[in-house]
Amino acid sequence: MKNQREPSAGREATRGHGKAVKPWRCVFSCDQVCCRYNLFLLVCREVLKEDESGSLKATVEEILFQSKRKRVVESHGQVRLGMMRHLYVVIDCSRSMEDQDLKPNRLTSTLKLMEAFVDEYFDQNPISQVGIITTKNKRADKLTELAGNPKKHIAALKKAVDTVCGGEPSLYNSLNLAAQSLKHMPGHTSREILIVLSSLTTCDPANIYELIKTLKSLKVRVSVIGLSAEVRVCTVLTRETGGSYHVILDESHFKELLMLHVKPPPASSSSECSLIRMGFPQHTIASLSDQDAKPSFSMSHLDSSSGPGLSLAGYFCPQCHAKYTELPVECKVCGLTLVSAPHLARSFHHLFPLQAFTETPVEELRGDRFCQACQGGLKDKSVFTCPACHSVFCMECDLFIHDSLHCCPCCIHSQSAP
Amino acid sequence: MKLNIDGLLVYFPYDYIYPEQYSYMLELKRTLDAKGHGVLEMPSGTGKTISLLSLIVAYQKVFPLEVTKLIYCSRTVPEIEKVVEELRKLMEFYSKQTGQSNNFLALALSSRKNLCIHPEVSALRFGKEVDGKCHSLTASYIRAQRHSNPDQPVCRFYEEFDAVGRQVPLPAGIYNLDDLKDFGRRKGWCPYYMARYAILHANIVVYSYHYLLDPKIADMVSKELSKKSVVVFDEAHNIDNVCIDAMSVNITRRTLDRCQTNVDTLQTTIQKIKETDSAKLKEEYSRLVEGLKEANVARETDVYLSNPVLPDEILKEAVPGTIRTAEHFVGFLRRFLEYLKSRLRVQHVVQESAPQFLKDIFEKVCIDRKPLRFCAERLQSLLRTLEIADIADFSAVTLISSFATLVSTYSQGFTIIIEPFEDRTPTIANPVLHFSCMDPSIAIKPVFQRFQSVVITSGTLSPLDIYPKILDFRPVTMASFTMTLARTCLCPLIVGRGNDQVALSSKFETREDFAVIRNYGNLLLEMSAIVPDGIVAFFTSYVYMENIVASWYEQGILENIQRNKLIFIETPDAAETSMALEKYQEACENGRGAILLSVARGKVSEGIDFVHHFGRAVIMFGVPYVYTQSRILKARLEYLRDQFQIRENDFLTFDAMRHAAQCVGRAIRGKTDYGLMIFADKRYARADKRGKLPRWIQEHINDGSLNLTVDETVQLSKHFLRQMAQPFRQEDQLGLSLLTLEQLESEEMLQKISQIAHQT
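Residues numbered from 1 in each chain as written. Chains lettered and ligands numbered in written order. Predicted model: local features only at pLDDT ≥ 70, side-chain atom pairs only at ≥ 80, totals over all residues. Heavy atoms only, no water.

Looking up chain B in an unreviewed UniProt entry gives the name General transcription and DNA repair factor IIH helicase subunit XPD, with the organism given as Labrus bergylta. Its UniProt record gives chain B a comment under Sequence similarities (unreviewed entry), which states: "Belongs to the helicase family. RAD3/XPD subfamily." The record held by UniProt for chain B lists under Catalytic activity (unreviewed entry) the comment "ATP + H2O = ADP + phosphate + H(+)". (UniProt positions renumbered as here; feature names shortened; annotations may be inferred.)

Per an unreviewed UniProt entry, chain A carries the name General transcription factor IIH subunit and comes from Labrus bergylta. Heading Sequence similarities (unreviewed entry) of the UniProt record for chain A holds this comment: "Belongs to the GTF2H2 family." Heading Subcellular location (unreviewed entry) of the UniProt record for chain A holds this comment: "Nucleus".

So, in structure tokens, the structure goes:
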């Protein structure tokens, strides 16, 4: 910190909007509130770096910071969301995945984050499905088929850690493979592909721009997360199909970008609306009702040889009485979508999102400077107020409330205690 | 938006403006106010053209008597078209704002090849063929012959234009080359001659450098342009070389052989004419006795642009008696030719000055200085009299005669070098006589003297003070502008060492060094793995590139690179290169990624832009010094030292750095673009080299980016590329590097703008 100087005119300019933080204050706050205030640390780092190398970090991270806030704010428009999602995740397993700039290497790190993603995805979108595709040596292979069961995917991901990376990926082949199964999905569900691309090159058997056109006509939304740099063909691909394209800065940013895809995307206005028949099977244990019940096979185990075969308990389809051990699932016999009520409820919050909290500078705040949620002191430059109950939150809690809780704790509190 | 530039109302056709554009206009206004010349450097992609156009047009509107014409010189046809399009946008904005249709006439001018609409002539492929064919259809005597012989083919477009076109001026508007052709087709007029005629009363003319600088063309096209014009040379970083090329003559044995046939043809034609129509020759003779008085009169009234080939005193004299008759002149040419042939029969290199040459020619074949000076004029007159239709065939003899005139006119600033063979092939006799101009100011002097304001501008003109020196003029403004950026979108890195600490350099002693070549290979290999889409690599010369690539192939480096990206190579063959370029762009477009290996000073380094994904990184292997063993260069360096007190080393470094800057500048073509600039030579880290880079590159080189190893470079690049891949929208630029009118007019911003221009 020895080359701290007074901010020059140029520096003031780069930050703009009068948000300049005096360097000494940053050093101070960095030492004081360390890792809990991850975001604020980001801001601090920006200011410190700026002294050495000009405006680069400052502005880029300023932009990032804003986009993060924006994510919260943006998602609260009145839009129709595609609640039933079909998502193929393409994981690059090419030579460049051995690069060690993510620890221990890109592949392991990606697979770890993928597990978390799958978990989170099914948590927030219980009636959706995921499939995983890997691509290496100019080929694309299905790791798992489209399915609504997180366990199977996570097991497959865990196993994939040992894969040998090699060759080049093929964007064309993986997109083609995903599109082959996505195109049979009904029109009221969303068709999405998420590509985690580490390589900067792709080996394609045919003109990829033709395929992009096809994808566009099939209304498949392709998003890309780049692990190294911006590649032109991905920019075009995502722009044309209406997806998003991001490049990671580091692991935490990677995680953040992945989590962006947990939220259902806005449904295109042209997608069909239809009533869907759903079954809500009860979990019954055969032995309780019938003394001489015998263990039976679950329908979902018919095609996969692994896992426990026989069990007494299960969900029975209300229409055809086929037995399943897990929900949600599409009945193999009569095609009914089987879910449980909590699944639907959890998808519900996307439709009635929590309103964005209003951001105000900390100076304007009267009264106690404590966050209502974590009870920590408010040390950021701005605080967030719930428009309904006027409680004050810090930046971190604001994000937590909007990303995970989906309801304001203070509002709930006041409702439950009359 | 409407701007107030130092009291002048300027219409600017965009809603946003870059701060440096405002600053640029301020400087330009100052230059015009002072009626002086200016040197302005502003990075490419910051809207130089529109700033220039909107200010000068505004100036013309407000002070119609002070500035009557804008002459905008650019290098290539696509660039000319771009300028016209910008101008069109500006004029549309004017008419929208003021509500009245404007009365401005602006047009582009190019060669016959680009403008011809004659169905047969325009089908020809080469410019020279088109010129020759056109001449054979439109020359005055051909048209005169038609009166007696109606079967004589003429160009109906020209006839039509000649009949009515001159009376009706071209209606006001903006014309690019295609517009001119369309208009010509509609009216049935020849667009080329129409444009040449129209530039006399046009408000804005856009054409190539050569129309002002090349004495042969300038004489035909530009001599009647108004004195109160503003001349702009865009992309003028190579203007001294253009001037020199325009004045230099190279004579090989092949030229002399062709010249011999030309002279023979002349001889037979004269014989024929003598038998049929000797009166014609007599008439010519008496005209020559009168001298070139007519031209002289015109010069005094200051209508013509003085032509450097034809100095004033020649006009005052009559053509000397020895070459006045046609036969004598042909005999004279024969003698001169024989003398040149004998001079080319040398075994060793000869270098001599113009006076030495004249003395020698007088002693050997008794040719005086005076008739030599009239050689070019005399030949023109003879060709006219003989009514030779196809001038193109006589290029050899024209070349020899203009050489004769030049060598006898200028005792200073030129040198004659006769080399018996090329340096690379010392066993093959291929004698060349270089009559080389060493002083670029000779060609450009008439331009500076004649026009009230001349503006020289480019993205890379550093160091600014050397241009006024070598072009011998006094600028009133010299300024270098930086690029204001919302994010640092360029990343210059100087790689000085390999991972094994071997110093990287292309200097002569280490050129063949295995370790250096291997490390260069490693650098390219590592970069190919982390840079997306396109990489352009520049070498100092073709020979050096061949050596290195061959060595990489043996070491297996090329094979490894090809796993990451495809490799394309620039060759001296233009067709091959454009093919390679096309495939390169395709590979960048569809995600395969590609590397283009090319040469500084080559076609790729000068004219081709690598926007966005076509050039995410430029690697400059070595410092692109000019081939220092060349005798022409040595003579020029000596001349610069004696005449302008510029040290050899300074000039060489200046020349190398401006080419290096040109090469790396290919990658950044605007504020939304980004790219790495990698200088792979430890000599770049020295202050004398670094200090000669343009300011907008220099200010991003800090101590942390000097003398890096390959690994460090890779780390920095990776980081930079990830930063740049983050979403970047226009709103992020607003207020910093992109301004609305309100933002521009704020006190604080005006103060900041005043710091952008760096005066020297």
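Chemist: What is the right way to look at the UniProt feature "zinc finger region: C4-type" (unreviewed entry) in chain A in this model?
Modeler: The UniProt record annotates "zinc finger region: C4-type" (unreviewed entry) at residues 317-334 of chain A. The straight-line gap between the two end C-alpha atoms of residues 317-334 of chain A is 9 Å; of that span, 0% is helix and 22% is strand. (Helix = DSSP H or I, 4+ residues; strand = E, 2+ residues; numbered from the N terminus.)

Chemist: Can you help me understand the interface of chain B and chain A in this one?
Modeler: Where the parts come together, the accessible area they lose is often given as the size of the interface. Listed per partner, the contact involves 33 residues of chain B and 34 residues of chain A. Both sides together, the interface formed by chain B and chain A hides about 2900 Å², and carbon and sulfur atoms give 49% of it. Of all residues in chain B, Arg-722, Gln-723 and Gln-726 of chain B bury the most surface against chain A, accounting for 22% of the area lost on that side. Summed over the shared surface of chain B and chain A, the number is five salt bridges. Among the salt bridges present, the one from Arg-232 of chain A reaches Glu-589 of chain B, with a minimum N-O distance of 3.4 Å. (Contact = heavy atoms within 4.5 Å. Buried area = accessible area lost by both parts, 1.4 Å probe. Salt bridge = Lys/Arg side-chain N within 4 Å of Asp/Glu carboxyl O.)

Chemist: What is the right way to read the packing of helix α18 (residues 354-365) of chain B against helix α21 (residues 395-409) of chain B from this model?
Modeler: What describes two packed helices is the angle between their axes and the distance between those same axes. All names here are of chain B. Contact geometry for α18 and α21: axes closest at 8 Å, N-to-C directions at 115°. Regarding the angle of α18 to α21, the classification is roughly perpendicular. Between α18 and α21, the residues in contact are Ala-354, Phe-357 and Leu-358 and Phe-403, Val-407 and Ser-408, respectively. Tallied by class, the residues present in the contact of α18 with α21 amount to five nonpolar, one polar and no charged. (Axes fitted to C-alpha atoms, helices over the stretch in contact; angles between N-to-C directions. Parallel < 35°, antiparallel > 145°, perpendicular 65-115°, else oblique. Nonpolar A, V, L, I, M, F, W, Y, C, P; charged D, E, K, R; others polar.)

Chemist: Please clarify how the environment of Phe-316 of chain A should be interpreted in this entry.
Modeler: All names here are of chain A. Topologically, Phe-316 is positioned in strand β11 (residues 313-316). Phe-316 sits in the partly exposed class, given a relative accessible area of 26%. Expressed as a C-alpha distance, the spacing of Phe-316 and Ile-154, which sit 162 residues apart in the sequence, is 25 Å. (Buried < 20%, exposed > 50% of the residue type's maximum accessible area, 1.4 Å probe, protein only.)

Chemist: Explanation requested: the domain arrangement of chain B in the structure shown.
Modeler: One can read the domain layout of chain B as domain 1 (1-104 + 203-236 + 452-484 + 736-759), domain 2 (247-441) and domain 3 (490-728). Computed over C-alpha atoms only, the centres of domain 1 of chain B and domain 2 of chain B are separated by 40 Å. (Domains from an automatic or database assignment.)

Chemist: What should I look at first to understand the sheet that holds strand β9 (residues 249-252) of chain B in this one?
Modeler: Picture the strands of a sheet paired through backbone hydrogen bonds; they go either parallel or antiparallel. Residues and elements named next belong to chain B. Taken in spatial order, the four strands make up an open sheet running β9-β12-β11-β10, and their pairing is antiparallel. Since the sheet does not close on itself, it has two edges, and those belong to β9 and β10 (350-352), each with one partner. Here the strands of the sheet are splayed against their neighbours by 10° on average, with no regard to which way each runs. Across four bridges, the pairing between β9 and strand β12 (residues 432-437) is antiparallel. Bridged to Ile-251 within β12 is Leu-433. Contacts from helix α29 (residues 631-644) reach β10, β11 (414-419) and β12 within the one sheet, and its direction differs from that of β11 by about 155°. (Pairing = 2+ DSSP bridges.)

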